[in-house]
Amino acid sequence: MSTENLPQSPDSPSRKPRVAVVFGGRSSEHGISVVTAGAVLKAIDRTRYDVLPIGITQDGRWALTADEPERMAIAERRMPSVDQLAESTEGAVVLPVDPADREVVYSEPGSVPKALGEVDVVFPVLHGPYGEDGTLQGLLELSGIPYVGSGVLSSAVGQDKEYMKRVFTSFGLKVGPYLVIRPREWARDEAAARKRIVDFAGEHGWPLFVKPARAGSSIGITKVDDLSGLDDAVAEARRHDPKILVEATLRGREIECGVLEFEDGPRASLPAEIPPPDTHAYYDFEAKYIDSTPGMVPAPLTDEETAEVRRLAVEAFDAASCEGLVRADFFLTEDGEFVINEINTMPGFTPISMYPQMWQATGVSYQELVDLLIQAALRRSTGLR
């Protein structure tokens, strides 16, 4: 591959900040991450920032990709991938490991490594393990490069639904009934682990939701109506994560709320409601991203309910020590109580995703949202804070 057209390190001391948009990744949410990156690349103000797109392939290679957002869209119900966008099948992008040096290097076998210039901030739009779970954040902390979104601990808590619920409970936020089956427990005595789930169903009733404990985008989740579907549901969840979470069904309305970090602290958006989809058993991956089941923005709530869910969303953000952005998902139960289901520290971020839509309804456009997140990251240092 020729290096003539690669981004060059600017000579001017007054250069624009360079934003590395990192996307793709090794998780099962690879495709939606690529879609999100396309939307972010379109939205970044090129008069204010230089941009360096970096894709991570599903086998973990950091690839230089073309800055072509139009190639990052869902086409014919198929997700895009970094392999389709990479400039080379062998070249690799390497971040610095010295906090005093933010120079990013591109190398190919048989070629002299090429400096791509310094990176001032990383905008990671990775979802799931190896990106949203604190692993990438730890790498960026070691490199001394500021980044959009939550830090190592908050990202890990936001990824692991068990510990997320434990944190929320410790801060007085109400969560629904749940059960965790750990991989060692399943391997040691599968029958006993299955019996725990059956006993849980006996206490809380069917249907249950069986899901990977550390995945997102509704991937690997099954709504189980009775005992006959349990084994297949567990197998599907374990295909994505050896630790599984079982949740009781909560009767009520699904309400979401966005939280965004401003200079004076986090604020909550107007909430949205996710109505039950007509053609899906629940709000699953296809309903979210393929068929684009519309949400109601803002949610048809009373003023008091709107104020309460916005307050609780900020409480959840603070409870997990989050930074940058969070989408908080709640159930408004039949008795009028908000129960938090989960937070997403890097929520779906395409223009049709609920997080940007909620902020659009609150008066913050998609382009402004991207800029506010970059500015918040540039204000923060890495390390303890």
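See the structure printed just above.
To start, this report covers the structure provided alongside it. What you are looking at is a predicted structure, and each value in this text was computed from that prediction instead of being measured.

### Looking at the overall build of the protein
- Looking only at helices and strands, the protein has twelve helices and 16 strands in total.
- In terms of C-alpha radius of gyration, the protein reaches 21 Å, essentially the compact-globule figure of 21 Å for 385 residues.
- In terms of its C-alpha atoms, the protein occupies a principal-axis envelope of roughly 65 × 50 × 45 Å.
- For the protein, the proportion of its 385 residues judged to be buried stands at 55%.

### Some remarks on the packing of helix α4 (residues 152–159) against helix α5 (residues 161–170)
- Where α4 contacts α5, the axes come no closer than 5 Å and their chain directions differ by 105°. One way to sum up the angle between α4 and α5 is to call them roughly perpendicular. Here α4 contributes V157, G158 and Q159 to the contact with α5, which in turn contributes K161, Y163, M164 and V167.
- Looking at the contact of α4 with α5 residue by residue, the classes come out as four nonpolar, two polar and one charged.

### A few points about helix α3 (residues 135–143)
- Along α3, the residues classified as buried are L136, Q137, G138, L140, E141 and S143.
- On its buried face, α3 is in contact with β3 (62–64), β7 (121–124) and α4.
- Directly after α3, the chain includes G144, whose backbone phi takes a positive value near 75°.

### Comments concerning the pattern of salt bridges
- In the structure shown here, the tally under the stated rule is 28 salt bridges.
- Among the salt bridges present, the one from K195 reaches D199, with a minimum N-O distance of 2.8 Å. A residue pair is termed a helical-turn pair when its members lie 3 or 4 positions apart in one helix, as K195 and D199 do in helix α7 (residues 190–204) at four residues.
- Put simply, E256 and R327 hold a salt bridge, and the shortest N to O gap is 3.6 Å.

### What to know about the sheet that holds strand β5 (residues 103–107)
- Spatial strand order, β4-β5-β6: three strands in an open sheet with antiparallel pairing. A strand with exactly one partner marks an edge of an open sheet, and here the two such strands are β4 (92–94) and β6 (114–118). On average, each strand axis in the sheet is inclined to that of its neighbour by 25°, with strand direction left out of account.
- Across three bridges, β4 lies against β5 in antiparallel orientation. Directly across from V94, in β5, lies its bridge partner V105.

### As for unusual backbone geometry
- Going from W206 to P207, the amide bond is cis rather than trans, its omega being -5°.
- Summarising the element assignment, P207 is placed in the loop between α7 and β9 (208–212).
- With a phi close to 65°, Y130 is a non-glycine residue in the positive phi region.
- By secondary structure assignment, the location of Y130 is in the loop between β7 and α3.
- On the accessibility criterion, Y130 (44% relative accessible area) is partly exposed.
- Notably, S321 is not glycine yet its phi reads approximately 55°, a positive angle.
- Structurally, S321 is set in the loop between α10 (303–319) and β15 (325–333).
- Residue classification places S321 among the partly exposed positions, given a relative accessible area of 48%.

### Points about the packing of aromatic side chains
- Summed over the entire model, instances satisfying the criterion amount to five aromatic pairs.
- In textbook terms, an aromatic cluster arises when at least three aromatic residues are bridged by ring pairs, as seen for F123, F349, Y355 and Y366.
- Its end group placed over the ring of Y130, R26 keeps NZ or CZ at 3.9 Å from the ring centre.
- Positioned above the aromatic ring of F262 is the side chain of R267, whose terminal nitrogen or guanidinium carbon lies 4.0 Å from the ring centre.

### A few points about the sheet that holds β9
- Read from one edge to the other, the open sheet built from four strands follows the order β8-β11-β9-β10, with strand pairing classed as antiparallel. Two strands in the sheet have a free side with no partner beyond their single neighbour: β8 (178–181) and β10 (222–224). The average undirected angle you get between the axes of adjacent strands in this sheet is 25°.
- By the bridge criterion, four bridges tie β8 to strand β11 (residues 244–248) in an arrangement that is antiparallel. Counterpart to I181 in the pairing with β11 is I244.
- Here α5 sits on the sheet in contact with β8, β9 and β11, set at roughly 140° to β8.
- Across the sheet, helix α8 (residues 230–240) lies against β9, β10 and β11, angled at about 25° from β9, the strand it touches most.

The rules we used
Per chain, residue numbering runs from 1 following the sequence as it is written. At least 70 in pLDDT is required for a residue's local features to be given in this predicted model, at least 80 for side-chain atom pairs to be given and counted, and no such filter applies to totals for whole chains, interfaces and linings, which use all residues. Hydrogens are left out, water is left out, and the side-chain values use all remaining heavy atoms of the structure. A run of DSSP states H or I qualifies as a helix once it reaches four residues; a run of E qualifies as a strand once it reaches two. Both are numbered from the N-terminal end. Restricting the calculation to C-alpha atoms gives the radius of gyration, and the globule rule supplies 2.2 Å times the number of residues raised to the power 0.38. Accessible area is worked out with a 1.4 Å probe on protein chains only. A residue is then buried under 20% of its type maximum, exposed over 50%, and partly exposed in between. Between N-to-C directions, angles span 0 to 180 degrees; the directions come from axes that are lines fitted to C-alpha atoms, helices contributing only their stretch in contact. Note on terminology: angles under 35 degrees are roughly parallel, angles over 145 are roughly antiparallel, angles of 65 to 115 are roughly perpendicular, and the others are oblique. The contact definition used throughout considers only heavy atoms, calling two residues in contact when any of these lie within 4.5 Å. Note on residue categories: nonpolar means Ala, Val, Leu, Ile, Met, Phe, Trp, Tyr, Cys or Pro, charged means Asp, Glu, Lys or Arg, and polar means any other residue, Gly included. A side-chain nitrogen of Lys or Arg and a carboxyl oxygen of Asp or Glu constitute a salt bridge if their distance falls within 4 Å. Paired strands, in this sense, are two strands between which DSSP finds at least two bridges. Paired rings are identified among Phe, Tyr and Trp, the last through its six-membered ring, by centres lying within 6.5 Å, and are further divided according to the angle between planes into stacked (under 30 degrees), edge-to-face (over 60) and tilted (the rest). We call a charge positioned over a ring when the NZ of a Lys or the CZ of an Arg lies within 6 Å of the ring centre and within 35 degrees of the ring normal.

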